[in-house]
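Report on the structure
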Amino acid sequence: MRYLTFLLLLLTVACRQQPKTVISPWTTYDESTELAASAKHESPKLRYKLIQSKILDKNDIWKCIAGQIADFSEKDYQELSPFILDRDINSIQSHIRSGELTYERLTQWYLYRIVKFENDPEKFLNAIVAINPNAVAEARESDKNKTAADHPIYGMPILLKDNIDAEGMPTTAGAVALKNNRAPDAFIVERIKEKGAVILGKTNLSEWANYLCLSCPNGYSAVGGQTLNPYGRKIFDTGGSSSGSAVAMAANYAAAAVGTETSGSITSPSSANSVVGLKPTVGLLSRSGIVPISSTLDTPGPITRNISDNALLLSAMSGEDSADPATKDIPKNKKYWEDLSAYSLKGVRLGIIKDYLKDSVYRQAVGKIVEMGGIAVEFEPEQSKLEGFGTLLNADMKIDLADYLNKYASQEVPFRSVSDISDFNKQDSLVKIPYGQARFEGILNEKISGDEHAALKNRLHQEGVSFFEIPMVKYQLDVILSVNNRNAGFAAAAKYPCLTIPMGYRKSGEPAGLTLITRPYQEDKLLKIGYGFEQGTKMRQPLRQ
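In this report, we go over the structure that sits alongside the text. (Residues numbered from 1 in each chain as written. Predicted model: local features only at pLDDT ≥ 70, side-chain atom pairs only at ≥ 80, totals over all residues. Heavy atoms only, no water.)

Turning our attention to helix H12 (residues 307–317). Where burial is concerned, most of H12 is hidden: eleven out of the eleven residues are buried. By the burial criterion, the buried members of H12 are Ile307, Ser308, Asp309, Asn310, Ala311, Leu312, Leu313, Leu314, Ser315, Ala316 and Met317. (Buried < 20%, exposed > 50% of the residue type's maximum accessible area, 1.4 Å probe, protein only. Helix = DSSP H or I, 4+ residues; strand = E, 2+ residues; numbered from the N terminus.)

This is how it looks when you write it as structure tokens:
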């Protein structure tokens, strides 16, 4: 009898220890039919040569997640969804304060959702390339230490573009050459952690931040495969290069995400995926520990589903970094999320580019702002081509990538220059560079002298500033309104901040973004105007999943 009782007890304990969620293994499928169909697409950006990664095994990610959600079920997911799905950070925090939610359950909900969709051959987006193996444990500690919270980002799961160093996960920039690159936290990651946020994982991107090939699809990397737009899988462009971060936000895979931009790499994918993306003033956020293109133009920035979350993440990342001279004397300790609702669009002077009014979605957005009291001032911008922009990027990356590899890359990475990586890529090029590496070849062929390089930086900066300042001064404009990333090159050259907000959808259903551009360190103005437009129009349509 005792033996039988003991056996029943063992069986009961064993049953209790069975995981609520068992993740089915990912099986690579035959994508030849999909590739043949995409080859006929009218846009070269949607003609895929590969969709699934030949480098990353999704099952390695699932193994990392499995133990963290073993006690989390579909029932838990459904019960908690009303408190998390498409909720802003302040709303989520209110549910945690009320006891309806915990940081641990919040983190598990996002991990469960990632598997739920990324492990489905009909729904995956290839947005995630790595998961923090300690994410849930860190969230559990957040629950224990709630009294330490002094910033709204506390306990929130955050995703990072995979060119940003984060301890415990590789930083690949999407490239096979950096597959084993493990480096300490980038400065902005340190700042996020100091505020108590949880780094959830890494997102896919256009390989080398879109500076590898020419007519390749946005959102493709050898490591992560082809990122897909959730508003139209294999139908709409994801934008690039921060495609994974924008897609992950649209798909509700985290509370917020970080992207990076040299020219359009935040504004493009944010617009394409109907989320909010901010490219800050160059220097407001540190670039230390981020795989670079250009130390002249690069910046990280927040990508979120709404303006208030964007302001929260921006404030959490900001800070002066002794390793990045561009951050010297930046505005300190600004709480960008405060007083957003107190700002009125009444009397705000908006520069409207006449030619863009041909775009019906843009025209309707301008009309809505005018209805809210904004003053629309139409103008025709100065004609300029930013001649030599590509030369600047080539010259910068030749220097800056080598600096990163020598200063930050781990010893497991044997490459120390663009030339080293280019030679490596030529081995088994069908896997490593199926779209070629024409931009890398351009870097290697760049022969500009040091003096010419310095003069080019100065000239492009002046041209970028003039493009905006001439109309802003002439018409006393607060901001200039653009579409998606159309004026990203000029904003990059000028080092001016840009904020893109969902402004509507094309007849096809493709998202479009309204992009606001203004002078350096006026991010608070952009966020307040953006908040007014967001709240006054409610243009973003959440995904139906």
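What follows concerns helix H15 (residues 418–425). Every buried residue of H15 is listed here: Val418, Ile421, Ser422, Phe424 and Asn425. Along the axis of H15, the buried residues cluster in a sector spanning 160 degrees; they form a single face. For H15, the secondary structure elements touched by its buried residues are helix H9 (207–210), helix H14 (389–407), helix H16 (429–432) and helix H17 (438–445). (Arc of directions from axis to C-beta. Contact = heavy atoms within 4.5 Å.)

The subject of this paragraph is the pattern of salt bridges. Side chains that differ in sign of charge can pair as their charged atoms come close. A full pass over the atoms with the stated rule returns 21 salt bridges. Salt-bridge contacts for Arg140 lead to Glu104; the nearest nitrogen and oxygen are separated by 3.2 Å. Taken together, the residues Arg140 in helix H7 (residues 135–144) and Glu104 in helix H6 (residues 103–118) connect sequence positions 36 residues apart. We note a salt bridge from Arg287 to Asp324, for which the minimum N-O separation is 2.6 Å. Within this pair, whereas Arg287 is found in the loop between strand E7 (276–279) and strand E8 (299–304), its partner Asp324 is found in the loop between H12 and strand E9 (349–353), the two being separated by 37 residues in sequence. Of the two residues, Arg287 and Asp324, neither departs from the other in class, the shared state being buried. Overlapping salt bridges bring together Lys20, Asp71, Asp76 and Arg105 as one network. (Salt bridge = Lys/Arg side-chain N within 4 Å of Asp/Glu carboxyl O.)

It is worth spelling out the packing of aromatic side chains at this point. For any two aromatic rings, the description comes down to two numbers: the centre-to-centre distance and the angle of the planes. Taken as a whole and assessed by the stated rule, the structure comprises 18 aromatic pairs. Between Tyr77 and Trp109, the aromatic rings sit 5.1 Å apart at their centres with planes inclined by 15 degrees, giving stacked as the arrangement. Here Tyr77, found in helix H4 (residues 74–84), pairs with Trp109, found in helix H6; they are 32 residues apart in sequence, far enough to count as distant. Assigned by exposure class, Tyr77 and Trp109 land together as buried. On the basis of an interplanar angle of 90 degrees and a centroid distance of 5.1 Å, the ring pair of Phe467 and Phe468 is categorised as edge-to-face. For Phe467, a relative accessible area of 6% corresponds to the buried category. (Phe/Tyr/Trp six-rings, centres within 6.5 Å; stacked < 30°, edge-to-face > 60°.)

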